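Here are the chains, one letter per residue:
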Amino acid sequence: MKHPKSALKPKGSLACVGVGMTLGSHLGPLARSYIENADVVFVAVSDATVELWIKQMNRDVRSLQPYYREGKSRAATYGQMVEAMLVEVRAGKHVCGAFYGHPGVFALPPHEAIRIARREGYQAHMEPGISAEDCLYADLGIDPGTFGCQHFEASQLLFFKRRIDPTAYLILWQVGVVGDQSLTRFSTGAAYRRLLVEVLARDYPLDHEVIVYRAATLPILQPRIERVTLGELSGASIELPDTLVVPPARTLEIDKRMLERLAAIERKARTS
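Residues numbered from 1 in each chain as written. Predicted model: local features only at pLDDT ≥ 70, side-chain atom pairs only at ≥ 80, totals over all residues. Heavy atoms only, no water.

Thoughts on the environment of Gly71
Among the structural elements, Gly71 can be located in the loop between strand E3 (61-63) and helix H3 (74-90). Along the backbone, Gly71 and Ala132 are 61 residues apart, and their C-alpha atoms lie at a distance of 26 Å. (Helix = DSSP H or I, 4+ residues; strand = E, 2+ residues; numbered from the N terminus.)

A few points about the layout of surface pockets
In this structure, the largest pocket encloses a volume near 1300 Å³. What lines the largest pocket is a set of 42 residues, and nearest its centre among them are Tyr78, Tyr100, Phe106, Gln174 and Leu240. For the lining of the largest pocket, the elements supplying multiple residues, two or more each, are H3, helix H4 (108-119), helix H5 (132-140), helix H7 (156-159) and strand E8 (209-214). Broken down by element, the lining of the largest pocket gets its largest block of residues, four residues, from H3. Its residues assigned to classes, the lining of the largest pocket comprises 24 nonpolar, 11 polar and seven charged. As for the second largest pocket, its lining consists of Leu157, Leu158, Phe160, Lys161, Arg162, Ile164, Leu195, Glu198, Val199, Arg202 and Asp203. Listed by contribution, the elements that provide at least two residues to the lining of the second largest pocket are H7 and helix H8 (190-200). Here the residues of the lining of the second largest pocket sort into six nonpolar, no polar and five charged. (1 Å grid on protein atoms, 1.4 Å probe; cavity = no way out; pocket = protein on both sides within 12 Å on 5 of 7 lines; lining within 4 Å. Points joined across faces, edges and corners; volume = space filled by probe spheres on them. Nonpolar A, V, L, I, M, F, W, Y, C, P; charged D, E, K, R; others polar.)

Quick notes on the sheet that holds strand E10 (residues 243-246)
Either a parallel or an antiparallel arrangement is found when strands of a sheet pair, and the pairing is made through backbone hydrogen bonds. Overall, mixed pairing links the five strands, which are arranged E6-E7-E10-E8-E9 in an open sheet. Unpaired on one side and paired on the other, strand E6 (149-153) and strand E9 (224-229) mark the two borders of the sheet. Each strand axis lies, on average, 20° off the axis of its neighbour in the sheet, ignoring direction. (Pairing = 2+ DSSP bridges. Axes fitted to C-alpha atoms, helices over the stretch in contact; angles between N-to-C directions.)

Observations regarding the packing of aromatic side chains
One pass over the structure, following the stated rule, counts four aromatic pairs. An angle of 40° between the planes, with centres 5.9 Å apart, marks the rings of Phe106 and Trp173 as tilted. In this pair, Phe106 sits in the loop between strand E4 (94-99) and H4 while Trp173 sits in strand E7 (residues 169-173), placing the two residues 67 residues apart along the sequence. A residue is classified by how much of its surface remains accessible, and Phe106, at 43% relative accessible area, is partly exposed. Measuring from ring centre to ring centre gives 6.4 Å for Phe159 and Phe160, while their planes differ by 80°; the resulting arrangement is edge-to-face. Given a relative accessible area of 38%, Phe159 falls into the partly exposed group. (Phe/Tyr/Trp six-rings, centres within 6.5 Å; stacked < 30°, edge-to-face > 60°. Buried < 20%, exposed > 50% of the residue type's maximum accessible area, 1.4 Å probe, protein only.)

Written out as structure tokens, the structure reads:
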């Protein structure tokens, strides 16, 4: 008895994996297996050397980097990346998308490609990787459980009215393109960062020390850890891979009333 055509599962599949930040150091065995066993691998990484390394794992590795171009909308670029992967999935191939860091962190194409593939009935999976955030905690010696961490795409502080808690760490991603509404630039200048400083100065003094951070992509490189004051930030050299770390500026305030209520609960539990 033949099954109806609509009941047959498509053969193609998609796995988006993270290769980590540093060449050869962060790739997990499962992610590597997806790369090695795929029919075709699409790669988007931060360093040409990392791309060459991945090309040694599979004979059909295709770079997604050519879709980027100065002056071209990143929305269009991401759409083309998604379609490039899905074309091969629809052709019945086992496709792997290999992305630097974690494939689900500040990476729209993996999320969108997986969403569409699943909607169309294909098997699609995301395999996590070591992200820039993970490297940041290690390189700067930050435990997010001590004071807490707030993470924002930097432009959100200019586009929206966001609340900042200065008793916790503030991590701002993509600060190199802060304020870019066109999605076509690879960098924005000091005038944009001055607006960012203006927003941050509502909660932090201008002499507060902040950190410009960039994870190392090669084992021979060191991470960028540059400390400047908030007032100096607009004149600092900031590039697309850089992240801004703002340490706490105020101490945590004890909530005495809530502690008293907790103590009452504990006393009641002991006597019951």
